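Here is how the chains run, residue by residue.
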Amino acid sequence: MTDENKRAIAAHPQLTSLVAAVESACGPALRAAVVYGSLARGDFDPQASDVNLLLVLDDDGPSILDRLTPALSAWLRAGQPMPVLFTPKTLAAAVDVFPIEISDLLRARIVLRGPDPLAGIVVGREHLRLACERGLREKRLRLIEGFVVAGGRESELERLIAQSYSTFLALFRGCLALVGGEAPLHDDAVFVAFAERAGIDPEPFRAAAELRRGERPAGGARALFSRYHAAVDRAADAVDCFRGVAEESNR
């Protein structure tokens, strides 16, 4: 672990306590504990970011989950997301169905316990392309549904856009990995890099990032939603055109 990673972990004593509690509860059944996401990338925001943790266990049945429950319940009460739990077998089997998430783990991770469970794992590009396009088109549908539910209320539209932004960032990181590009580590550079590669306007995503930081959108949330929705639509079409790139990369 690098000195920078050590400093990042030291800044989150609750994480250290959780991993120690998991290790105490599971003993040798804990194969690995890995931090990923913004903390591993180095762009953690204490006001907006979660601490993301992957736990690899010998077994994930009810018996071991009972032993883990006290430690994980305390972690959840602190407002952190549930750690992702895998066994070595289920992790290996997940590569083709969770290619975006696995790509993000491969890009940036801090191994806290055990050997690196991602060592040697390779994500298939066509699996990644399909996941990226499916994710963009699915989230586009969720935006449409959210717009209807918002009923024209500006505050609800602002919340809808702000909450969707991090999901699109994860998808854009996967899209950049798909075309062989190095996704920037920091969030604000990711949508710019993807927009340039996909040939779309980055402005709606920049405005969404500013909204997530508490800045009100110029012209109002409805106008921003219109630009944001159109940009997501064009992004999905662009990823569909990445098909040839994915196929060529697999040769």
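Details of the structure are given in the entry above.
Residues numbered from 1 in each chain as written. Predicted model: local features only at pLDDT ≥ 70, side-chain atom pairs only at ≥ 80, totals over all residues. Heavy atoms only, no water.

K.L.:
Explain the packing of aromatic side chains to me, and be specific about the residues and the numbers.
P.N.:
In the structure shown here, the tally under the stated rule is 7 aromatic pairs. Summarising the aromatic geometry, the rings of Phe168 and Tyr228 are spaced 5.7 Å apart at their centres and angled 90 degrees between planes, so their arrangement reads as edge-to-face. On the criterion of sequence distance, the pair formed by Phe168 in helix α8 (residues 154–178) and Tyr228 in helix α11 (residues 221–240) is long-range, its members being 60 residues apart. For Phe168, a relative accessible area of 1% corresponds to the buried category. (Phe/Tyr/Trp six-rings, centres within 6.5 Å; stacked < 30°, edge-to-face > 60°. Helix = DSSP H or I, 4+ residues; strand = E, 2+ residues; numbered from the N terminus. Buried < 20%, exposed > 50% of the residue type's maximum accessible area, 1.4 Å probe, protein only.)

K.L.:
Talk me through the nonpolar core; I want residue IDs and the actual numbers.
P.N.:
Leu54, Leu136, Phe168, Phe172, Phe194, Phe205 and Tyr228 are the most contacted members of the largest nonpolar core, which totals 56 residues. Of all elements in the fold, only β1 (30–36), β2 (52–57), α6 (99–107), α7 (125–150), α8, α9 (187–198), α10 (203–212) and α11 reach the threshold of two or more residues within this core. In this view, Leu54 contacts Ala32, Ala33, Val34, Tyr36, Val84, Phe86, Leu105, Pro117 and Leu118; residues no more than four positions away in its chain are not counted. Ile9, Val35, Leu39 and Leu72 belong to the second largest nonpolar core, which has 25 residues in total. (Core = buried A, V, L, I, M, F, W, Y, C linked by side-chain atoms within 4.5 Å. Contact = heavy atoms within 4.5 Å.)

K.L.:
Residue-level account of helix α4 (residues 62–77), with values.
P.N.:
If you check α4, its first and last C-alpha atoms are 21 Å apart, about what 16 residues at 1.5 Å a residue would give, namely 22 Å. Of all the bends in α4, the greatest, near 50 degrees, is centred on Thr69, and the proline Pro70 appears no more than four residues after it. Where α4 is concerned, the buried positions are Ile64, Leu68, Ala71, Leu72 and Trp75. Contacts from the buried residues of α4 go to α2 (13–26) and β2. Count one or two residues on from α4 and you reach Gly79, which has phi positive near 90 degrees. (Expected span 1.5 Å × (residues − 1). Bend = angle between axes of the 7 residues up to and from the residue.)

K.L.:
Can you tell me about the sheet that holds strand β4 (residues 109–113), naming the residues and giving the values?
P.N.:
Two pairing modes exist for strands in a sheet, parallel and antiparallel, and in both the strands are linked by backbone hydrogen bonds. Taking strand neighbours across the sheet as the criterion, the 4 strands line up as β3-β2-β1-β4 in an open arrangement whose pairing is mixed. Each of the sheet's edge strands pairs with one partner strand only, and the pair in question is β3 (84–86) and β4. In this sheet, adjacent strand axes meet at a mean angle of 20 degrees when their direction is disregarded. Two elements, β1 and β2, share 6 bridges in a ladder whose sense is antiparallel. Within β2, the residue paired with Leu30 across the bridge is Leu57. (Pairing = 2+ DSSP bridges. Axes fitted to C-alpha atoms, helices over the stretch in contact; angles between N-to-C directions.)

K.L.:
Can you explain the pairing of β1? Please cite residues and give values.
P.N.:
Every regular strand shows the same layout, with side chains that alternate between the two sheet faces. A large share of β1 lies buried, amounting to 6 of its 7 residues. Pairing geometry for β1 and β4, over 4 bridges, is antiparallel. Bridging from a neighbouring strand, Val34 pairs with Val111 of β4.

K.L.:
Explain the pattern of salt bridges to me, and be specific about the residues and the numbers.
P.N.:
Counting across every chain of the model gives 15 salt bridges. In this structure, Arg142 engages Glu138 in a salt bridge whose closest nitrogen and oxygen atoms are separated by 3.8 Å. One end of the pair, Arg142, and the other, Glu138, are both in helix α7, 4 residues apart, so they sit about a helical turn from each other. Note on Arg142: relative accessible area 35%, which makes it partly exposed. Classification of Glu138 as partly exposed rests on a relative accessible area of 36%. Where Arg227 meets Glu203, a salt bridge forms, and the shortest distance between an N and an O atom there is 3.0 Å. Of this pair, Arg227 sits in helix α11 while Glu203 sits in helix α10, and the two are 24 residues apart along the sequence. Residue class for Arg227 comes out partly exposed when judged on its relative accessible area of 30%. A residue is classified by how much of its surface remains accessible, and Glu203, at 27% relative accessible area, is partly exposed. Taken together, the shared-partner salt bridges in this structure form one network comprising Glu126, Arg129, Glu133, Arg137, Asp237 and Asp240. (Salt bridge = Lys/Arg side-chain N within 4 Å of Asp/Glu carboxyl O.)

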